[in-house]
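# Breakdown of the fold
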Amino acid sequence: MTDRQTPGVGRLYGVGLGPGDPSLVTVRAAELIGKADVVAYHSARHGRSIARSIAERYLTGGQVEEKLVYPITVETTDHPGGYRGALDDFYEEAAARLAAHLDAGRDVVVLAEGDPLFYGSYQHMHKRLAHRYPTEVVPGVTSVSAAAARLGQPLTEAEETLTVIPGTLPEEELTARIAAADSAVIMKLGRTFPAVRRALERAGRLDDAQYVERAFMDGERILPLAEVEGETVPYFSVAVLPSKVAPLEPVERRTDGAGAVAVIGTGPAGPLWLTPEARGVLAEATDLVGYTTYLDRVPERPGQRRHASDNKVESERAEYALELARRGHKVAVVSSGDPGVFAMATAVLEVACEEAYRDVPVRIVPGMTAAHAAASRAGAPLGHDYAVVSLSDRLKPWDVVARRLRAAAEADLVLALYNPGSKSRTTQVALARDLLLEYRAPETPVVMARDVGGPTERVRIVRLGELDPALVDMRTILLIGSSQTQAVERGGGVEVVWTPRRYPEE
């Protein structure tokens, strides 16, 4: 609200009318409409205004009515500034008309369906006039709240978040936003409906989506979105993905045969590294299965069951997840980094290929792997060909590890070394360093990255000849440069590491 008391100047009011039923107009809105000198409202060229029809019972007949008629309603125009230019000119002209009334001392009420500052036409008047005149905005019931009320389902519970998405976004962006959302409302359907429906289907959320048309208005329709025919969808409709909390029946009874397993990569650390797709699949799961440390990174949700286990029981964990899915549960197996890089995807698929589980759907959801996260902190050490090797000899003999290191070193590949050490494995880093020094200069840059993205993150750049195994543990990844890798000190004493994309001819 702007509270200037300029003598002789009228006040501007942006008045929300709610979703369509005149009885849902607030008392304050009704009072202002009845007392206004000027009532303004937007309309299309046909001249009919939904906002005016909602407010009609509160009009006294003595107000001046300013009809703000849009020059265009589709994105085709011969205006030299295009669609946006045509609208900007219209808003400037409309604001000038209202300013003339305000300058003459007349109070102006601008009507807005829903809430004035929620995708409302009034906001364009507000941005042009509120800094010049005393202004008050009167909130109204939004279409989001109206749709939820008509559905009779909670939009959000507990720690869920609500995402409001305009259907005018590109389809790929719609899909990503929908996949990442807990609950969502998709606005501005109409001609965007086919793309919205495809995005919901691609995100795996079509069966959850509800459709609400003209809530609290004549012609109201409510039905599952999957049953809606695209050519019948008006602009005044929304798609709703309600709360996922508290399903109608406990998860342990989900024995409808619709179970599946998704192996999720959570990235190297916390929620900032989680992809929208992974976030959405985690939210959909009835059961989470994983190593305790990795499960702790996933926020708890009411109604979900968590099955934590030790880090050395991958096969047992995979079989347990598949068994849950066979009984009808939607299971997310949680893995750090990318599940296909030294992680749970292989363990799950290995068991899933056994006869007992071949009919259980298994999906792999990628994540940011530790090598790429560490490389981003140091510069671009993986800018050319590189090899990824695990130094762990728990599942393969050290002779195999050494042979692969030697082959990569002979090929002059940058190396990303996973699982370099642990409490029970204390010799591998020194053995790998000494082997690589047979092929690489002692000055070769090495990136030591620990807990990237986590609270104890530390990234150091050392030289291969100075690599101290005592500073390396299981949470560290090592990036060993090739003969071409550069370590350069830039401004402020910051050293960056990069490997040229062009390799010299022999």
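About the cut-offs
- Residues numbered from 1 in each chain as written.
- Predicted model: local features only at pLDDT ≥ 70, side-chain atom pairs only at ≥ 80, totals over all residues.
- Heavy atoms only, no water.
- Buried < 20%, exposed > 50% of the residue type's maximum accessible area, 1.4 Å probe, protein only.
- Helix = DSSP H or I, 4+ residues; strand = E, 2+ residues; numbered from the N terminus.
- Pairing = 2+ DSSP bridges.
- Polar contact = N/O pair within 3.5 Å; in protein donor to acceptor, adjacent residues only side chain to side chain.
- Contact = heavy atoms within 4.5 Å.
- pLDDT = per-residue confidence, 0-100.
- Phe/Tyr/Trp six-rings, centres within 6.5 Å; stacked < 30°, edge-to-face > 60°.
- Axes fitted to C-alpha atoms, helices over the stretch in contact; angles between N-to-C directions.
- Left-handed = near helix turned anticlockwise from the far one by under 90°.
- Nonpolar A, V, L, I, M, F, W, Y, C, P; charged D, E, K, R; others polar.
- Salt bridge = Lys/Arg side-chain N within 4 Å of Asp/Glu carboxyl O.

With respect to burial, strand E4 (residues 108–112) is a largely interior element, five of its five residues being buried. Burial of the side chains of E4 extends over both faces: Val108, Val110 and Ala112 are buried on one face and Val109 and Leu111 on the other. Of the pairings in the sheet, the one linking strand E1 (residues 12–16) to E4 comprises five bridges and is parallel in character. Note that in E4 the partner of Gly16 across the bridge is Ala112.

A word on the side chain of Gln304. Within the secondary structure layout, Gln304 lies in the loop between helix H9 (292–295) and strand E13 (305–309). Take Gln304: its relative accessible area is 15%, and that puts it in the buried class. Among the polar contacts listed, one links the side chain of Gln304 to the backbone oxygen of Leu282, at a separation of 2.7 Å. A polar side-chain atom of Gln304 sits 2.9 Å from the main-chain carbonyl oxygen of Ala285. Leave out the neighbours within four places in its chain, and Gln304 touches Leu282, Ala283, Ala285, Thr286 and Leu288.

Once that is clear, we can look at helix H5 (residues 143–151). Burial in H5 covers these residues: Val144, Ala146, Ala147, Ala148 and Leu151. Where H5 is buried, its residues touch strand E6 (162–166), strand E7 (183–187), strand E8 (210–213), strand E9 (221–224) and strand E10 (237–241). Of the residues flanking the end of H5, it is Gly152, one or two places downstream, whose phi is positive at about 70°.

To continue, consider the confidence of the model for the chain. Mean pLDDT over the chain: 90, with 95% of residues reaching 70 or higher. Mean pLDDT across the elements of the chain bottoms out in helix H8 (residues 276–284) (87) and peaks in E1 (98). Considering only residues more than four positions removed or in separate chains, one finds that residues 248–256, a stretch of pLDDT under 50, has 15 contacts.

Because side chains alternate across E8, one face comprises the buried residues Gln210 and Val212, and the other comprises Tyr211 and Glu213, equally buried. When E8 meets E10, the two strands line up antiparallel, connected through four bridges. By the bridge assignment for E10, Glu213 is matched with Ser237.

Once that is clear, we can look at the packing of aromatic side chains. Tallying each qualifying case throughout the model produces eight aromatic pairs. Their ring planes at 70° and their centres at 5.1 Å tell us that Phe118 and Tyr119 sit as a pair that is edge-to-face. In this structure Phe118 comes out as partly exposed when scored by relative accessible area, which is 26%. Plain terms: the ring middles of Tyr235 and Phe236 are 5.8 Å apart, the flat faces sit at 80° to each other, and that makes the pair edge-to-face.

On to the sheet that holds strand E21 (residues 476–480). With mixed pairing, five strands are arranged side by side in an open sheet as E17-E18-E21-E19-E20. A single partner strand is all that each edge strand has here, and the edge strands are strand E17 (386–390) and strand E20 (458–463). Each neighbouring strand pair of the sheet contributes to a mean axis angle of 20°, computed without reference to strand direction. Bridge analysis of E17 against strand E18 (residues 414–418) gives five bridges, and the strand direction is parallel.

Packing of helix H3 (residues 82–103) against helix H4 (residues 122–129) leaves a shortest axis separation of 9 Å and a crossing angle of 65°. In terms of crossing hand, the pair formed by H3 and H4 is right-handed. Residues Asp88, Tyr91, Glu92, Ala94, Ala95, Leu98, Ala99 and Leu102 of H3 form the contact with H4, whose own contacting residues are His124, Met125, Arg128 and Leu129. Of the residues that constitute the contact of H3 with H4, the class distribution is eight nonpolar, one polar and three charged.

In this section: the sheet that holds strand E15 (residues 362–365). One open sheet accounts for five strands, arranged E13-E12-E14-E11-E15; its pairing is parallel. Each edge of the sheet is formed by a strand with only one pairing partner; in this case those strands are E13 and E15. For this sheet, the mean angle separating the axes of adjacent strands, direction not counted, is 20°. As judged from the four bridges shared by strand E11 (residues 260–265) and E15, these two strands associate in the parallel manner. Each bridged residue has a counterpart across the sheet, and for Ala262 the counterpart in E15 is Arg363. Lying on the sheet, helix H10 (residues 314–326) is in contact with E11, strand E12 (287–291), E13, strand E14 (330–335) and E15; it crosses E12 at an angle near 175°.

A separate point is the pattern of salt bridges. As enumerated under the stated definition, the model contains 28 salt bridges in all. One salt bridge in this structure joins Glu213 and Arg221, with 3.0 Å as the shortest N-O distance. With a relative accessible area of 5%, Glu213 lands in the buried category. One salt bridge in this structure joins Arg326 and Glu323, with 2.9 Å as the shortest N-O distance. Of this pair, Arg326 and Glu323 both sit in helix H10, three residues apart, which is roughly one turn of that helix. On the accessibility criterion, Arg326 (42% relative accessible area) is partly exposed. Residues participating in the shared-partner salt-bridge network are Glu171, Glu172, Arg198 and Arg202.

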